[in-house]
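# Residue-level structural notes
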Amino acid sequence: MTTAPTPVPAPASAAQSGGGAPGPAATTPATADATTAKATDTTDTADTTATTATTATTAKSTETAKTAKTARAPRPGKPRAGRGRAWLAALPLLLFFLVGFGLPAVAIAIGAFTTSPDAPDGGGTFTTDNLTGSLQGAYWTALWGSVKLSLLTALIATVVGLPLAQAVATSRFRVFREAVLSASGVLANFGGVPLAFMFVATLGNAGEVTKKFGLTSHGWNLYTFTGLSVVYLYFLVPLMVITITPALEGLRTQWREAAYNNGATVVQYWRHVALPVLVPSLLGGFVLLFGASFAAYATAEAMVGSSVPLISMQIGDALSGNVLVGQGNLALALGLDMIVVACLVMAVYLPLQRRSAKWLA
């Protein structure tokens, strides 16, 4: 019995040379590599095309935005219509400032450096005697007395008003907060003769509180520098509460929570976080209180008269004719001194206010 020979499969090269289409099992590694490389080239080409299209779209969008911005921008040399309208809206205020403050300030400055109409030369001559005399003798004492009174009362009102304002700002009772702020707004503008009468009736030599507690035997006297300071605090403390409350409300809750989470105490939080932020507002409030106390006149005039030397009292006496012959313009020189002090106060107050607004914005 003869066994048939086992057929041997032809090699891949033979099959390819024969022109037949090779099956899946007949694919060689070289052919697979070529196919993979071709697919990779196709993918790279697609990615490059997509990137190019994206870049072109972005450039086109940027160019369109620039074109639109250029079209909306005003032409050089042509002001916007809104600016002209803003000036027109502020024109009444500017006119009021010019008439109410500008012209009087110019008149005071001119009169302070000219002789009085009742002078022997007929008046109108340039001189510096008025300004020199306003800084000597009783006038200098009155100016320094006003500065000391303003500094003391402003400092006490700042120290007392800060914790009161903090209690208002952190209060959970809306009614209490609104009541305190409303009362502070009223008391901050309560002055003049009514305020003087109220303190005379309560803390004067024959006042109800003075007689009930025997304050006179303990050295109390309302008609002194100390008594006038107490009266001024009646409207300066509420003014400080109104001034510093917005700054306290601007303190971030996150700052306090971060300080407490890092182990800081209440004192450390106020020393290292809150007070450094509030310093511009505190100094600005102090300067504002100084100006309010420095310019006060009616309360001191009705209560103490000339027993406490103040620059405002000296100006009132000069304007009423209580001056020597030929020194009528001395009151204008005293007024110029007060204007200079007020300008210095505002020069300190405005930068502090801007800095505090930047921190608490």
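The preceding data block contains the structure.
Residues numbered from 1 in each chain as written. Predicted model: local features only at pLDDT ≥ 70, side-chain atom pairs only at ≥ 80, totals over all residues. Heavy atoms only, no water.

Scanning the protein chain from terminus to terminus reveals 14 helices and 0 strands. Going residue by residue from the N terminus, the α and β elements of the protein chain occur as α-α-α-α-α-α-α-α-α-α-α-α-α-α. A separation threshold of at least 6 residues defines the contact pool for the protein chain, and within that pool the share at least 24 residues apart is 69%. Counting every atom, the protein chain has about 23000 Å² of accessible surface; 67% of that belongs to carbon and sulfur. (Helix = DSSP H or I, 4+ residues; strand = E, 2+ residues; numbered from the N terminus. Contact = heavy atoms within 4.5 Å. Areas by Shrake-Rupley, 256 points an atom, 1.4 Å probe, with all protein chains shown as cover.)

This next bit is on the packing of aromatic side chains. Aromatic rings in a pair are described by how distant their centres are and how their planes are angled relative to each other. One pass over the full model with this rule turns up 9 aromatic pairs. Seen from their ring centres, Phe 113 and Phe 126 are 6.2 Å apart, and the 5 degrees between their planes marks the pair as stacked. Note that Phe 113 is positioned in the loop between α3 (81-112) and α4 (129-133) and Phe 126 in the loop between α3 and α4, a separation of 13 residues in sequence. Given the relative accessible area of 61%, Phe 126 is considered exposed. Relative to Tyr 234, the ring of Phe 199 has its centre 5.6 Å away and its plane inclined at 85 degrees; by these criteria the two rings are edge-to-face. Taken as a pair, Phe 199 in helix α7 (residues 193-203) and Tyr 234 in helix α9 (residues 225-249) lie far apart in primary sequence, 35 residues in all. A relative accessible area of 7% means that Phe 199 is categorised as buried. Take Tyr 234: its relative accessible area is 27%, and that puts it in the partly exposed class. Each member of the aromatic cluster is reached from another via a ring pair, and the members are Phe 96, Phe 97 and Phe 101. (Phe/Tyr/Trp six-rings, centres within 6.5 Å; stacked < 30°, edge-to-face > 60°. Buried < 20%, exposed > 50% of the residue type's maximum accessible area, 1.4 Å probe, protein only.)

Volume-wise, the largest pocket comes out at about 610 Å³. Lining of the largest pocket is provided by 21 residues; of these, Phe 101, Met 338, Ile 339, Ala 342 and Cys 343 occupy positions nearest its centre. Among the elements that take part in the lining of the largest pocket, helix α14 (residues 330-360) stands out by supplying 8 residues, more than any other. The calculated volume of the second largest pocket comes to roughly 230 Å³. (1 Å grid on protein atoms, 1.4 Å probe; cavity = no way out; pocket = protein on both sides within 12 Å on 5 of 7 lines; lining within 4 Å. Points joined across faces, edges and corners; volume = space filled by probe spheres on them.)

All right, on to the packing of helix α10 (residues 253-261) against helix α11 (residues 266-295) then. Where α10 contacts α11, the axes come no closer than 10 Å and their chain directions differ by 145 degrees. For the pair α10 and α11, the crossing hand works out as right-handed. Of α11, the residues touching α10 (which contributes Trp 255, Arg 256, Ala 259 and Tyr 260) are Val 266, Tyr 269, Val 273 and Val 277. Looking at the contact of α10 with α11 residue by residue, the class counts come to 7 nonpolar, no polar and 1 charged. (Axes fitted to C-alpha atoms, helices over the stretch in contact; angles between N-to-C directions. Left-handed = near helix turned anticlockwise from the far one by under 90°. Nonpolar A, V, L, I, M, F, W, Y, C, P; charged D, E, K, R; others polar.)

Next up on the list: α7. Turning to α7, its buried residues number three or more, namely Leu 195, Ala 196, Phe 199 and Leu 203. The arc that holds the buried residues of α7, viewed along the axis, is 100 degrees, so those residues lie on one side. The exposed residues of α7 that point more than 90 degrees off its buried face are Val 193 and Phe 197. Close packing links the buried residues of α7 with α8 (208-213), α9 and α12 (298-303). (Arc of directions from axis to C-beta.)

Attention shifts here to empty space enclosed by the protein. Regions of empty space are outlined by a rolling probe, equal in size to a water molecule, passed over the atoms. Throughout the structure, instances matching the rule amount to 1 cavity of 30 Å³ or more. The computed volume of the largest cavity comes to approximately 30 Å³. As for the largest cavity, its lining consists of Ser 146, Leu 149, Ser 150, Tyr 232, Ser 293, Phe 294, Ala 296, Leu 310 and Ser 312. At the level of elements, α5 (137-169) and α11 are the ones that each hand at least two residues to the lining of the largest cavity. Ranked by residue count, the leading element in the lining of the largest cavity is α5, at 3 residues.

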